[in-house]
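Observations on the model geometry
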Amino acid sequence: MPTEYMSDFMPTTLPCPPAAVLALADSAEQRYRVYPLMSGSKRRWIEAPDQELKTAQRWLLDQWLYQLAPTDAAHGFVPGRSIVSNAARHVGCAWVVTADLRNFFPSIGASRVAQVLTEFEQPADVTAALVRLVTRRQRLPQGAPTSPQLANLVARRLDLRLLGWARRSGWNYTRYADDLTFSGADNPRPLLEALKQIVRDEGFTLAPGKTHMMSHHQRQVVTGMVVNERVALPKPHRRLLRAMLYRLETMGVDKVDPQQLQVVQGHLALAHFVDPARFEAECRALATLLREASSSPPATASSSFVPAVTKT
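Overview of the structure. The structure displayed is predicted, hence computed values, not measured ones.

Glancing now at the side chain of Thr127. Structurally, Thr127 can be placed in helix α5 (residues 124-134). What makes Thr127 buried here is its relative accessible area of 9%. Contacts of Thr127, omitting those with residues within four sequence positions, involve Ala114, Leu117, Thr118 and Gln122.

This is the structure we're talking about:
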């Protein structure tokens, strides 16, 4: 058993999978709804399990998979870690290098999932059923609740090798899902060669055109956060948020479409999570506006609320 990344794991403490969970394995392939999700010009295919399969996968995640620990380098989908904890490891460095893994979830096949599940030392037929329960078309589906944790567990060897190389060479390394980040003081060219080799050896592929080298003279961005001096939101994001709040104050919350209001709340929640002190006033202002709106009669929603902000 790979003890270098195990934490107090005791197979004998595992609850047996309920018969109802194992019974879904043979029909799991037909229990997904597949639909595209657009993000700008990019399209991702989401494979969402139906409620019964999702419940079974959630049971497996809570009862079994969370007993296996990802590496310290993993920050995505790990309790207590976030885009902020990921970015914080790279503040104030001469160089920041970022790269993406191509098709992270779909690139992880059923055989690699089976290798993780065999660590639970269960009968072969149980392991095989659980593999079918959490895969679709012999790979991890992007939309199942088990996929993020399984992907982190499959990527442990990748993390350990990159972390080992980084430490020997004076670099920091973290991974947030498919986003790889390194920071340090030396010339990043040797890092790029080692990165390509290790990623290839571990059965992954770097996304073309997604590797970036940022010196301290440039804006260094890690998982959407600027890290030159401290973890901060990019200026365009801050300007957009303040423009949104200004529109709310001048138009009134009751005239804003509820979906657009959710956009404002989401932006502000992120800002407050990154820098609570700096955005405390904005949070209080939004709370006041929402209280006023709740005590006012409904009005016609406006269709032109979110302002355009030029990126710099």
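Attention shifts here to the nonpolar core. Among the nonpolar cores identified, the biggest contains 52 residues, and Leu133, Leu180 and Phe182 are the most heavily contacted of them. Here the element with the most residues in this core is helix α8 (residues 189-201); it accounts for six residues. Residues contacting Phe182, with those up to four places away along its chain left out, are His90, Trp95, Val96, Val97, Leu162, Trp171, Asn172, Tyr173, Leu191 and Leu195. Residues Val84, Val253, Leu261 and Leu268 belong to the second largest nonpolar core, which totals 24 residues.

Moving on to the pairing of strand β5 (residues 179-184). The element β5 is largely enclosed, with a buried count of five among its six residues. One ladder, built from six bridges, connects strand β3 (residues 95-100) with β5; its direction is antiparallel. Paired with Val96 across the two strands is Ser183, which belongs to β5. Relative to β5, strand β4 (residues 171-176) runs antiparallel, the two sharing six bridges. Of the residues in β5, the one forming a bridge with Tyr173 is Phe182.

Calculation criteria
- Residues numbered from 1 in each chain as written.
- Predicted model: local features only at pLDDT ≥ 70, side-chain atom pairs only at ≥ 80, totals over all residues.
- Heavy atoms only, no water.
- Helix = DSSP H or I, 4+ residues; strand = E, 2+ residues; numbered from the N terminus.
- Buried < 20%, exposed > 50% of the residue type's maximum accessible area, 1.4 Å probe, protein only.
- Contact = heavy atoms within 4.5 Å.
- Core = buried A, V, L, I, M, F, W, Y, C linked by side-chain atoms within 4.5 Å.
- Pairing = 2+ DSSP bridges.

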